[in-house]
Amino acid sequence: LITRVSSSRAESFLSGCNANFLEAQYVDWVKKNPVDSSWDCFYESLNANELKIEDIEDEFTPKSGEQSCKKVDPKDTIKLHLAVQHLIRGFQIRGHLLAQTDPLNMAIAAHWIMRAKNQRMKVTGDILAYFEAKFVARELGTILTDAHMNMKFELPPMCYLGGKEHELTLSEIKRRLENVYCGPIGVEYMHVHDMDSLQFVRENLETPGIMEKTPEHKKLILRRLTKAVFLEKYFATKWPAEKRFGLEGGESLIVMLEEIVDTATELGVESIVMGMPHRGRLNVLINVCRKQLTDIFAHFRPMEPKEVGSGDIKYHLGTYIHRFIRRTNRYIKVSMSCNPSHLEVVTPVVTGKALAEQHWTGDKNGDKVMAIIMHGDAAFAGQGVVYETAHIGQLPHFTTHGCVHIVVNNQIGYTTDPRFARSSPYCTDVAKCVDAPVFHVNGDDPEAVAHVAMLAIKYRCRFKKDVILDLVCYRRFGHSEEDEPMFTQPFMYKKIKQMPTVDKLYAEKVKAEGVVTDADIKQWEKEYTDTLNKHFELAKKITKLSIMDWIDTPWTGFFEARDPKKIEETGVCEASIMTIANHFCKPPEPWAFETHKGINKILQNREKMVKEGVADWAMGEALAYGSLLRDNIHIRLTGEDVERGTMAHRHHVYHHQGVDGATYRVLDTIYPDQAKYSLHNSSLSEFGILGFETGYSYYSPHQLSIWEAQYGDFADTAQPVFDTFTSNGESKWICQSALVVALPHGIDGAGPEHSSARVERYLTMCDDHDDQVPDLDDKDMALKQLKVANWIVCNVTNPANYFHLMRRQIALPFRKPLILFTPKVGLKHPYYRSPFKDFYPGTCFRRAIPEDGPASKNPSNVKKLIFCSGKVAITITELRKEKKLDDKIAMCRIEQLYPFPYDIVLKEFCKYPKATVAFCQEEHRNQGPWLYCKVRMENLFGKKIECIARPPSSASATGIKWLHQKELKALKEAIIKI
């Protein structure tokens, strides 16, 4: 802290103007003129007829030849007042650099900045004092000297240091600034653009007495600390060698969260969606989410689960509860999202889930539903998805109207020191990019923790923006309970071993204040220990684990209302098809909306197709979405260019050619009572946006969430979401989702990065057994396959099949994610068209499309049977027609790669007994669906099959046109070779 000692040679009160004033007043007193009676004793004690100032001057009084009042230059006065204002602003902007937020007292932000400076300049003496003088309080010791310490200065209008007082002495201003900005709270907020936000933070920090707590509040804080600390001690006693990633050293997180929940209910919040990493999760589940102790304790013992699935370790599990808050006598729903070990993947998932709940509850402004996301310090600074999530926080169609981010700052990342983990003073510096205030707080000061928690939730609810809480604490043990931190951080952990627990520190403080006694504390400790022991004994009676007990977002009543053995009709009546199709072709009124001339041409072509009773891919999409909206199914379709479509095929949003920002949204007005169609372009982010839409899809079974990549391989950067949520969320946490991931795919000369969506990657993650063929005589085989699948992988080749596939996502009696490889060339190719009759009732999704041309009429004459997937079907069809081999080569398109359509594939194989069998793909031999299909087809047929594909390659496609044409020529020759 700044510690400046005022000079002992301060100006005497009997010098200068004061002396002249006293002489004049003494004369009045002698003449019995009105003088305040408080001066009587003073003047009587002088015992003289005339006051002589020199008789009562002290040794410190400056000697001057002139005792008359000197006229003060107005410029000097202005200069002093400006210096005071600059001093206040300096503390507001940079005071956090000197704040005592580290409970270990080992790190301070000023050291971080000075470390770089010391490499370029010599600094003698105390570095901290140097920093203080040069960067925070530069006016002290220069313009403002010790001689001004007792002078009063008027406080600026946007300052709350004085409370009801409008002026303070310089020494008091300095003291209050130090207490507010350089104490246990360090606040970064002057970068925020909104002036009202700045004033709100100042008022709630600077106002005298603002942090004072009532005795009852202090008791509540201590009880919460007692529970947090004793729970961790109990875990350590009962299961000393068990991994649990305890909260030791950061137990005041419970105080922070509880304060947020309590205050949130006062502000009208009804639901909080939480996400957090593994450290401290068990403590939060019990003390904040109120998870039953018996359920937690049971997970420490090996037991058989009741449900089928992989399950997950205890510190990844979630829950939900409707809590009653005594402070406000209100209920609030608190849900903790399940999360994987991949740090920060859950961050966008939580925000997506919060937005979905806001949609379904009609909470348009985020007044009732909000998100709290907890982070580790190393992850918050190091994981890019943190920024990907934060920067969409104020985008119109992605905002959740502010999240509270809490960084549990252990000041270490596994074994890596902060100085090797980031380039900025704080782990929270990414927040400055998104206009969010940051409150750094000492984790060993529970009252300061409670105050910033209250301030953060009030800020979020008032301004509907993100806010960051940096809970600076420490990790009492290693990364896990089995780890030895002294290997890498010996100095830090010598200090930590000497640290008392935070409940003991706070207990001493409140005991000294007379708020509690030792007897009170011992009683609370005994009560909680008895509770822990009671539930420990109850947990012994549990014989099987239930994964269902850990669901974080239940779909109440959905499964009970569906027939588990039935897929509902996906076909749609002709009247509805024509209504949607005609609406899709109709332009807006020309007098009201000026469309691009190219749109008018597209609409004319669509109208022509409708008259012919034919749908292209764009029409197939519109029919699928329009019919679902008619059925009151909410659709959310997002991605980088989804409104128009990457290849300009969709055009669901028209832009006025004469009015900036004016749009016409085509499918929003098909029916007056339709569901909401949320079609929105996203930012250039895959990881963050896919995670967001994954979370959105979890909230309700009565919606279809679709994320479309600009190109299929762009999803590569979102791989952690596929690995930890999409492919196995149901197996681990019984979290079902109907999310559709649309990945444009096709080897068409676009080069390595715009060609393949890496089909092989998603098929490798499918959970079926490659050499176990299902019961092909079971009429429910297809539905049973879907039920046990972890997701569905398809590459459809006509609009009608796309239509039925989208509608099947909702028609199923359960929900499964869908990985869909969509066409690029096929979007506008005549081959990718379907007659309207294929959309009508009685039609359905075709898992594989058998040969229906000349070859099917005379099977015994067929020489070659080609199974294929995707766009290569166009090449095969055109080659057969060109070479007049329509009756010699049969083709079967496998539309649903997983679950594999064994029954249809076997039927086609048996239909052509004299044909050689091949599998054809446009991808390279070591990629695409070949390796997945090969083993299943050869097991099914009992024979080897030929592969027609490009040669193996490390790249997904060539970027050289000559090579592309060479590969395509060889592929064609292999196709027609009989």
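The rules behind each value
- Within each chain, residue numbers correspond to sequence positions counted from 1 in written order.
- In keeping with the model being predicted, local features are shown solely for residues with a pLDDT of at least 70 and side-chain atom pairs are shown and tallied solely at 80 or more, while totals for entire chains, interfaces and linings include all residues.
- Excluding hydrogens and water, the side-chain values take into account all heavy atoms of the structure.
- Each domain's extent was defined by an automatic or database domain assignment.
- UniProt positions are given in the numbering used here, feature names are shortened, and annotations may be inferred rather than shown by experiment.
- Numbering of helices and strands runs from the N terminus; a helix is a DSSP stretch of H or I covering at least four residues, while a strand is a stretch of E covering at least two.
- Buriedness for pockets is judged along seven lines, at least five of which must meet protein on both sides within 12 Å for an open set on the 1 Å grid over protein atoms alone, while cavities are sets there where a 1.4 Å probe fits but cannot get out, and lining residues have an atom within 4 Å of a point.
- Grid points are joined across faces, edges and corners, and a volume is the space filled by probe spheres set on the points.
- Residues are sorted three ways: Asp, Glu, Lys and Arg are charged, Ala, Val, Leu, Ile, Met, Phe, Trp, Tyr, Cys and Pro are nonpolar, and all the rest, Gly among them, are polar.
- Pairs of strands are assigned from DSSP output, requiring at least two bridges between the strands.
- In what follows, residue pairs with any heavy atoms lying within 4.5 Å of each other are defined as contacts.
- Only the stretch in contact is used when a helix axis is fitted, and all axes are lines through C-alpha atoms; the angle between N-to-C directions ranges over 0 to 180 degrees.
- Stacked, tilted and edge-to-face are the three classes applied to pairs of Phe, Tyr and Trp rings, where Trp contributes its six-membered ring and a pair requires centres within 6.5 Å; stacked means planes under 30 degrees apart, edge-to-face means over 60, and tilted covers the rest.
- We call a residue buried when its accessible area falls under 20% of the maximum for its residue type, exposed when it is over 50%, and partly exposed in between, using a 1.4 Å probe and counting protein chains only.
- Lysine and arginine charges are scored as sitting over a ring when NZ or CZ, respectively, is within 6 Å of the ring centre and within 35 degrees of the ring normal.

Caption draft 1: View of the domain arrangement of the chain. You can read the domains of the chain as domain 1 (74-196), domain 2 (215-550) and domain 3 (848-976). Distance from the C-alpha centre of domain 2 to the C-alpha centre of domain 3: 54 Å.

Caption draft 2: Local environment of the UniProt feature "domain: Transketolase-like pyrimidine-binding" (unreviewed entry) in the chain. The positions UniProt marks with the feature "domain: Transketolase-like pyrimidine-binding" (unreviewed entry) are residues 615-829. Between the end C-alpha atoms of residues 615-829 there is a gap of 11 Å, over a span that is 31% helix and 17% strand.

Caption draft 3: Broad picture of empty space enclosed by the protein. For the structure shown, the criterion picks out 10 cavities of 30 Å³ or more. Empty space within the largest cavity amounts to approximately 80 Å³. As for the largest cavity, its lining consists of 13 residues, of which Thr351, Thr389, Gly393, Thr400 and Cys403 are closest to the centre. Only helix H15 (384-390) and strand E8 (403-409) provide two or more residues apiece to the lining of the largest cavity. Its residues assigned to classes, the lining of the largest cavity shows five nonpolar, seven polar and one charged. Approximately 70 Å³ is the volume attributed to the second largest cavity. Contributing to the lining of the second largest cavity are Trp617, Glu621, Gly645, Thr646, Met647, His649, Glu708, Pro744, Thr822, Pro823 and Leu827.

Caption draft 4: Representation of the sheet that holds strand E23 (residues 889-894). The five strands are arranged E21-E23-E22-E25-E26 in an open sheet whose pairing can be described as mixed. Edge positions in the sheet fall to strand E21 (848-849) and strand E26 (946-950), since each of these pairs with one other strand and no more. Judged from the five bridges that link them, strand E22 (residues 864-868) and strand E25 (residues 916-924) form a sheet pairing that is parallel. Note on E25: the bridge partner recorded for leucine 865 is valine 917. Of the strands in this sheet, E22, E23, E25 and E26 touch helix H33 (residues 961-976), which is tilted by about 160° from E26.

Caption draft 5: Molecular detail of the packing of aromatic side chains. Enumeration over the complete set of coordinates arrives at 39 aromatic pairs. On the numbers, 5.5 Å between centres and 40° between planes, the contact of tryptophan 239 with phenylalanine 297 is tilted. Of this pair, tryptophan 239 sits in the loop between helix H9 (215-238) and helix H10 (252-266) while phenylalanine 297 sits in helix H12 (residues 293-298); the two residues are 58 residues apart in sequence, bridging distant segments of the chain. For the pair tryptophan 239 and phenylalanine 297, a shared accessibility class is recorded, and that class is buried. Ring centres 6.3 Å apart and planes at 85° place the aromatic pair phenylalanine 836 and phenylalanine 839 in the edge-to-face group. Here phenylalanine 839 falls in the buried class, since its relative accessible area comes to 0%. Through a chain of ring-to-ring contacts, three or more aromatic side chains come together here, namely Tyr234, Phe235, Trp239, Phe297, Phe300 and Phe536. We note arginine 636 situated over the ring of phenylalanine 398; from NZ or CZ to the ring centre the distance is 4.9 Å.

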